[in-house]
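One letter stands for each residue in the lines below.
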Amino acid sequence: MAQIPNLDNAPLNLAALREQSQKDLLNILKSIRGKKCVVIDPKLAGTLSLILQTSLLKEYGAELRLLSAEPLQTECAKILYLVRSELKFMKLIASQIKNDEPKGLQREFFLYFVPRRTVACEKILEEEKVHQKLTLGEYPLYLVPLDEDVICFELDHSLQECLIEGDTSSVWHVAKAIHKLEFAFGVIPNVRAKGVASTKAAELLNSMQQEDPVNMDDMGTPEINTVILLDREVDLVTPMCSQLTYEGLLDEMLQINNGSVEVDATIMGAQQDGKKVKVPLNSSDKLYKEIRDLNFEVVVQVLRQKATSIQQDYAEVKSTNTQSVSELKDFVKRLHSLPEIARHVHLAQHLQSFTGKPSFHARLDIEQTILEVQNFEICFEYIEEMIHKQEPIENVLRLLVLLSLTNAGLPKKNFDYLRREILHSYGFEHMPLLYNLEKAGLFKRQESRSNWIGITRALQLIVDVNDTANPSDISYIFSGYAPLSIRLVQHAVRSGWRSIEELLKLLPGPHLDLKRGSSAINSSLDVHQGLGLQQSIDRVGHRSLVLVVFIGGVTFAEIAALRFLSAQEGMGYDFLVATTKVVNGNTILRPIITNSKEVMI
Amino acid sequence: LLLKESRELERNPMASKGSPLHGPQVRLIEQAHRLFAETKEHVFESKASEEHAKLLRSQHELEVSTKQAIFVGSSVSDTIKTCIAMGNERAALKVKSEFKVPDKRWYWLKSCALATVGNWDALEKF
């Protein structure tokens, strides 16, 4: 099965966007005549696999290499570097070019920045004195469809850059990407933003529209009705909780990359040992589409049902000899779904080997206790014990961050004690890590009273779930906790920010409500009424489309919650999710941990 | 600015990590400790870097006395574990008292280390 997702059912014509990116890339290849060697950075390789089949590149006379520190081995006289504009890549490229010099090879070098060239990168090329040898260009890839309702900006470090390094270039990228969407689908009339980065992106979007306006006359009705921008900083609690949907768990345990997971072949029932297989996970797989967003408990039941029903059919076919051809046809059709069922049974079985452990349940219990801010002592001692057992530091930090966020920090005594225990258990080299976490507000000293309880009450974040199989509320996703971010989206589409203004003030960052487009060209900050349900089904009879942008990443669980919402009766909206990256608690913390270490070396 | 300065110093010593000469590293960390101590906000950092220097010193001593270069660079807990695993409980106790390791952590470390080397008799007695 292809890893490139099928986009036919997308609420927006995302296939056209992807074709455009494909065409752009092929045009670059065509512009360089003859055989060429394409060198791409490893991360981009994953991204490109979502856009086109690599075999296509060969047809254009290109051989593919990954950029690394080693000198380049190729016969080609033309080298095309296709890399994201990161400083470290520039150094690698420069060293590869210099490596060629003494050999007296006559080579032509091309460098295409993804998505755009930056001054800092060119400066490095100049310093390394390879600037003259390169032909520079840009490959404007700002977004990639991950699935029929998810777009990714492929900005891995956005959160870290905004919170710790103070680098907001990703915000510009997000605004630019939305602006590009507007060129294809019309100016989005309603903009709602919450958080420092989000409001900045909304303002940037406005100024981009002024400098380089999308012509509104020949577009007709804009296809996207509202864009809601949210900073991850507004809700850091949710990603720290263990996701309990099928897709969420897959990401937590096996890590989904570019819409697929890599697992040992033995897990998938194959015989070969030690081999890795890639399992694509997107909505082209009908069964996966059906079960990805269910609570994992339910998934196991569904799979069992499917398997037994096929078994029954099989028994029927065998016992009765008088079937018509059409009956047989039906049966064969159902057998076609067999490989899909087998695939997910294997994956689910593997997941159960994690979720079956008592430690997994103990952890969920503690998370729930922390969220309800019930018993600080128990939570504190649980984490203390984890540190003493020297459990993986990211597991420890995840709970610690959760505890710190819900309590607006830890009392000084506990804070210093735990920090000391961490340094003793994991080494003093983690000092910059603790500093960075404090700077990002993830793990800090208590300075004011926590308003978390107030927020959970006002937004009904803690809900008792009785029936995970037939949920009536998004809280089924975390078995009793409704993600804060999605509650905000719920309010934003229902009535705008106004009704929860007081509440928004309790969360970090400013908020913004804008009306744009022909009706309000000189649109400034005029506050307006919410969409209202009667407007939500527009003239054409389409459900209106809401683009939800998460700056700093979104979890699969939250995407599941949005899908659940749009499937609810009386909800006149389709949601399209756009994010800098799909994250979970570990993938948020891991780069902070490794980066903090790198600084030391 | 002061913070930045001391942070720089915190980073630098690591550059010399792994080299047989730990003198400069320890000195740099001690310098960081003094810089942190100049302000009131960085009491914690100051103490931590003081302990860091102390740890490196005692690890160096341990390496000399055991003639095995396995200590330097590991954490306090790992140092204790290694000592116990080697059957040198006295050295482990010394580290424990030197760094005021709470009993709770001490018990975890001890049982864990004894289990790793399969010293079930000692684990039973303990």
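The annotation that UniProt attaches to chain A under Sequence similarities (unreviewed entry) is "Belongs to the STXBP/unc-18/SEC1 family."

**Details of the overall build of chain A**
Each helix and strand in chain A was counted, giving 25 helices and 14 strands. Against the 2.2 N^0.38 benchmark of 25 Å for 601 residues, chain A shows a C-alpha radius of gyration of 26 Å, consistent with a compact globule. Once the C-alpha set of chain A is aligned to its principal axes, its extents read approximately 80 × 70 × 60 Å. Within chain A, buried positions represent 55% of all 601 residues. Within the structure as shown, chain A displays about 26800 Å² of accessible surface, and the carbon and sulfur contribution to it stands at 50%.

**Overview of the packing of aromatic side chains**
Applying the stated rule across the entire model yields 9 aromatic pairs over all chains. Ring centres 6.4 Å apart and planes at 15° place the aromatic pair A:Tyr81 and A:Phe109 in the stacked group. Of this pair, A:Tyr81 sits in strand 3 (residues 78–84) while A:Phe109 is found in strand 4 (residues 108–114), placing the two residues 28 residues apart along the sequence. Residue A:Phe109 is classed as buried on the basis of its relative accessible area, which comes to 5%. Clustering of aromatic rings is evident, with ring pairs tying together A:Tyr246, A:Tyr288 and A:Phe296. For the cation-ring pair, A:Arg116 lies above A:Trp172, with the distance from its terminal atom to the ring centre recorded as 3.8 Å. The side chain of A:Arg419 reaches across the aromatic face of B:Phe44, ending 3.7 Å from its centre.

**Examining the sheet that holds strand 4 of chain A**
Residues and elements named next belong to chain A. If you walk across this open sheet you meet the 5 strands as 2-1-3-4-5, and the pairing is parallel. Each edge of the open sheet carries a strand with a single partner, namely strand 2 (62–66) and strand 5 (134–138). When the angles between neighbouring strand axes are averaged without regard to direction, this sheet yields 20°. In the sheet, strand 1 (residues 36–40) pairs with strand 2 via 5 bridges, with the strands oriented parallel. Counted as the bridge partner of Ile40 is Leu66 from strand 2. Along the sheet, helix 1 (residues 14–31) contacts strand 1, strand 2, strand 3, strand 4 and strand 5; its crossing angle with strand 3, the most-contacted strand, is approximately 155°.

Thresholds applied
Residues numbered from 1 in each chain as written. Chains lettered and ligands numbered in written order. Predicted model: local features only at pLDDT ≥ 70, side-chain atom pairs only at ≥ 80, totals over all residues. Heavy atoms only, no water. UniProt positions renumbered as here; feature names shortened; annotations may be inferred. Helix = DSSP H or I, 4+ residues; strand = E, 2+ residues; numbered from the N terminus. Rg over C-alpha atoms; globule rule 2.2 N^0.38 Å. Buried < 20%, exposed > 50% of the residue type's maximum accessible area, 1.4 Å probe, protein only. Areas by Shrake-Rupley, 256 points an atom, 1.4 Å probe, with all protein chains shown as cover. Phe/Tyr/Trp six-rings, centres within 6.5 Å; stacked < 30°, edge-to-face > 60°. Lys NZ or Arg CZ within 6 Å of the ring centre and 35° of its normal. Pairing = 2+ DSSP bridges. Axes fitted to C-alpha atoms, helices over the stretch in contact; angles between N-to-C directions. Contact = heavy atoms within 4.5 Å.

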